[in-house]
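Chain by chain, the residues run as shown.
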Amino acid sequence: MHVGASMKAVDYALSRSKSRRLDAVVEAMLREVKPSEREIRDTTRMANELMGRLKGALPRNVEIILAGSIARGTQMSGNTDIDIFLLFPKSAAKDELERKGLSAARSIIDTKKNERCEVKYAEHPYARLSLEDMGITVDVVPAYRIAKADEMGTAVDRTQLHNEFVIAHMTQKQRDAVRVMKAFLDRHGIYGAEAMTEGFSGYLCELLVHHYGSFQQAVAAFAAAKTPLVIDPEKRAVMTGAAASAQIKKFNSAFIVIDPTDSDRNVAANVSPDSLARASLASRALLRNPGKGTFNRAGHSDVGARGRLSSLAKGLGASVYVVNFVAPDIAEDIIWQQLKRLSVRLGTALGSNGFTPLMSLQRLHERDALVAFIVRDALIKAELAKGPSAFMAEAASRFIRARKGNGLVSLEGDRLYAIRPPRFRTPKELLQKFLTGRGAELPSHLKRKSMRIYVNSMPESIARLVYQAYAARKLDYKV
Ligand code: CTP
Ligand code: MG
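Residues numbered from 1 in each chain as written. Chains lettered and ligands numbered in written order. Predicted model: local features only at pLDDT ≥ 70, side-chain atom pairs only at ≥ 80, totals over all residues. Heavy atoms only, no water.

### Overview of the pattern of salt bridges
Following the criterion strictly, the structure yields 22 salt bridges and no others. Salt-bridge contacts for D232 lead to K235; the nearest nitrogen and oxygen are separated by 3.4 Å. Given the relative accessible area of 7%, D232 is considered buried. Taking relative accessible area as the criterion, K235 reaches 64% and is therefore assigned exposed. (Salt bridge = Lys/Arg side-chain N within 4 Å of Asp/Glu carboxyl O. Buried < 20%, exposed > 50% of the residue type's maximum accessible area, 1.4 Å probe, protein only.)

### Some details on the sheet that holds strand 9 (residues 262-266)
One open sheet accounts for 4 strands, arranged 7-6-8-9; its pairing is mixed. Every interior strand has two partners, whereas the edge strands, strand 7 (237-238) and strand 9, have only one. As paired strands, strand 6 (residues 229-232) and strand 8 (residues 255-259) are joined by 3 bridges and run parallel to one another. In the sheet register, L229 faces strand 8, and the bridge partner there is F255. (Pairing = 2+ DSSP bridges. Helix = DSSP H or I, 4+ residues; strand = E, 2+ residues; numbered from the N terminus.)

### Thoughts on unusual backbone geometry
Omega for the peptide link from T227 to P228 comes to -5°, which places this bond in the cis form. Position of P228 relative to the elements: it lies in the loop between helix 8 (215-223) and strand 6. One non-glycine residue with positive phi stands out, namely R297, at about 50°. With respect to the helices, strands and loops of the structure, R297 is situated in the loop between helix 11 (292-296) and helix 12 (305-316). A relative accessible area of 9% means that R297 is categorised as buried. At E366, a residue that is not glycine, the phi angle is positive and equals roughly 50°. Looking at the element boundaries, E366 is found in the loop between strand 11 (359-365) and strand 12 (368-376).

Keep in mind these values describe shape, not function.
Below, the structure is given as structure tokens:
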């Protein structure tokens, strides 16, 4: 077994019977998530057909390749995203590559078959084709043909190198293990590198299975993992000592998986500390009791969400406050950042008015956005206001005069304090004030107009979103 120096697997060495149960659940999950031969054949045929169409629309020196998990045999069943890369020679200018690439993508659309094309702007523009009759989306990405990372002209040029690495270094069995790994992380809410998930990307799953050898070994390693953890997949080694410290400093992270095709990139850069910790807890729970229940993180139904939320709140002696609104039509990563920011601002405002939330939640689903707070029930009748030093004569007089004999003024050291009626007696008052435009400022893309506040009672559709956010956060691992 391949285990790095800092990851002694002894504690999680499985008994023979547990090991057999783990193998059985891996096999069962693989049957569930591996696309059937027919599905693979259909997708491949579709991809080839589109690549043929693109070939006719592009100069001969542009190489057209299939990329992503479909090209590598690591896709999960039901994956409807095809990634096609158009590789231009390095001699092409960047605007030429973008112009020719995007116009080729646009030109192959067959509107009679309900096909659409829109241009997306990530770090680099690409075209997204929606083949609505087939339920397939295809990303057509113009890039440069390169052999090594130092020839990179655009950020997406690496993808072809990732393809080559996985195809050259991973067995069929390991690619199946990647599918199981993606499913496992997905069920625990940590598959995907996007800002909303801050989890493990597909390529990271591939590198982890390559490094540890199998899904089972990766899980054993994660169960015993400690940060900092620096993995060098190219050597299949865990770095230690000065070499590890240099990487930790270079990437400013405690979890690093060096891209074997580009040593300047940490493939695990988007994995948050929470997601890594969750992967470790989930791995321990799976090893402790291997089965579909621990693999799938069962028990997260959001049916009857209103009732579930209400008994949760009652049990805590708390209430659920929700600010719900329609998300603007901009990139999901940006909305998500703003939603987080809004949540922090409101949470801080609540806290500094005596309503520290027990839990803050955010959820973005298509255009439905919300932040929610679970706050202990309390009616605040008085609060402490901090005044100036008694030695600051003028300010002290002003502070005392402002009380007009109503608020008790006291001293703590030389500092004056007064007891005054609160600005907000309930969290709802604070949130309402905020929505009228006073109080905390709103992140730039969010609009007050569509915002609504709910306290405890809300439509089931909203309760479901709140409950999903809560369930995603819950730690119910028996470890
Ligand atoms: N890619 C990357 N960094 C990202 C996103 C994508 O390097 N943050 C590259 C990877 O080489 C990846 C490919 O683009 O394999 C396609 O991206 P995506 O479809 O998101 O991932 P897949 O590996 O195809 O995984 P999935 O099965 O989830 O589609
Ligand atoms: Mg993909």
